[in-house]
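# Summary of the model geometry
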Amino acid sequence: KNQVEQSPQSLIILEGKNCTLQCNYTVSPFSNLRWYKQDTGRGPVSLTIMTFSENTKSNGRYTATLDADTKQSSLHITASQLSDSASYICVVSPSGTYKYIFGTGTRLKVLA
Amino acid sequence: NAGVTQTPKFQVLKTGQSMTLQCAQDMNHEYMSWYRQDPGMGLRLIHYSVGAGITDQGEVPNGYNVSRSTTEDFPLRLLSAAPSQTSVYFCASSSQNTQYFGPGTRLTVL
């Protein structure tokens, strides 16, 4: 069964610190892997998208990595800000489909 | 561009009532989809459409109907609401590379 698992479930860090969120998936083959940010009460917003042949993609302070051999991805947040407090969701799209398989997300809280 | 809009933002129904959640996009995307988001679970696909007149079931389609008469609109109908349909519903519209989500509708079924 195609699955996307994320860890940790939740994370609390101090403002200015870095953090890394993990995503393991069993979807194979897949066409792309995405990371979304979802603020409380809002819809998810795309941060990065990587095809199976890419191994890193950056968007400002957000850097996503992908290891297709181990079926793992990570999202690294540099110099965290209070506005980074949100849920971060890993999403994998199986090849040949219009579908997306969502992880349950990591809830990040950045404290002043 | 307004992007993806959803109405209403909040709705309370009694068991057995029917209603339609509205979704519209102004980006001329062919692909649109409906998800529900429940605590502790990832977003789950209810129905999707790859163009006007074409719809298909997702992972959790039971109790929901959709239609796609125009490229812009993709309404989701609850035929006979049940407490298990209490959830937050998101509509999404996709280009080749990016999926855009609406602000969501929070539905409570009593």
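Below, the structure is looked at part by part. All of these numbers come straight from a predicted model, not from anything done at the bench.

### Here's the deal with the overall build of chain B
Summing up its helical and strand segments, chain B has 0 helices and 11 strands in all. Since a compact globule built from 110 residues should have a radius of gyration of about 13 Å, the 13 Å found for chain B is in line with a globular shape. If one aligns the C-alpha atoms of chain B with their principal axes, the spans along those axes are about 40 × 25 × 25 Å. Taking all 110 residues of chain B together, the buried fraction comes to 48%. For chain B, long-range pairs separated by at least 24 residues make up 51% of all intrachain contacts whose partners lie at least 6 apart in sequence. Total accessible area computed for chain B in this model is approximately 5100 Å², and 49% of it derives from carbon and sulfur atoms.

### Notes on the pairing of strand S11 (residues 106-111) of chain A
Moving residue by residue along a regular strand, the side chains alternate between the two faces of the sheet. Residues and elements named next belong to chain A. Residues Thr 106, Leu 108 and Val 110 line the buried face of S11, whereas the alternating positions Arg 107, Lys 109 and Leu 111 sit on a face that is not buried. Note that strand S2 (residues 10-14) and S11 share 5 bridges and pair parallel. Counterpart to Leu 14 in the pairing with S11 is Leu 111. By the bridge criterion, 3 bridges tie strand S9 (residues 86-94) to S11 in an arrangement that is antiparallel. Across the sheet, residue Ser 87 finds its bridge partner in S11, namely Arg 107.

### Some words on the interface of chain A and chain B
When the parts come together, some accessible area is lost, and that loss is often what is quoted as the size of the interface. Every contact between the two is made by 16 residues of chain A and, on the other side, 20 residues of chain B. Together chain A and chain B conceal approximately 1400 Å² of surface at their shared face, both sides included; 59% is due to carbon and sulfur atoms. The largest contributions to the chain A side of the interface with chain B come from Tyr 98, Tyr 100 and Phe 102 of chain A, which together make up 36% of the buried area. One can count 0 salt bridges joining chain A with chain B. The tally of links from chain A across to chain B stands at 2 residue pairs in polar contact (both at pLDDT 80 or more). Only strand S4 (30-38) and strand S5 (45-51) of chain A provide two or more residues apiece to the side of chain A that touches chain B. When residues of the side of chain A that touches chain B are assigned to their parent elements, the largest contribution, 3 residues, is made by S4 of chain A. The class makeup of the residues in the side of chain A that touches chain B is 7 nonpolar, 6 polar and 3 charged.

Cut-offs applied
Residues numbered from 1 in each chain as written. Chains lettered and ligands numbered in written order. Predicted model: local features only at pLDDT ≥ 70, side-chain atom pairs only at ≥ 80, totals over all residues. Heavy atoms only, no water. Helix = DSSP H or I, 4+ residues; strand = E, 2+ residues; numbered from the N terminus. Rg over C-alpha atoms; globule rule 2.2 N^0.38 Å. Buried < 20%, exposed > 50% of the residue type's maximum accessible area, 1.4 Å probe, protein only. Contact = heavy atoms within 4.5 Å. Areas by Shrake-Rupley, 256 points an atom, 1.4 Å probe, with all protein chains shown as cover. Pairing = 2+ DSSP bridges. Buried area = accessible area lost by both parts, 1.4 Å probe. Salt bridge = Lys/Arg side-chain N within 4 Å of Asp/Glu carboxyl O. Polar contact = N/O pair within 3.5 Å; in protein donor to acceptor, adjacent residues only side chain to side chain. Nonpolar A, V, L, I, M, F, W, Y, C, P; charged D, E, K, R; others polar.

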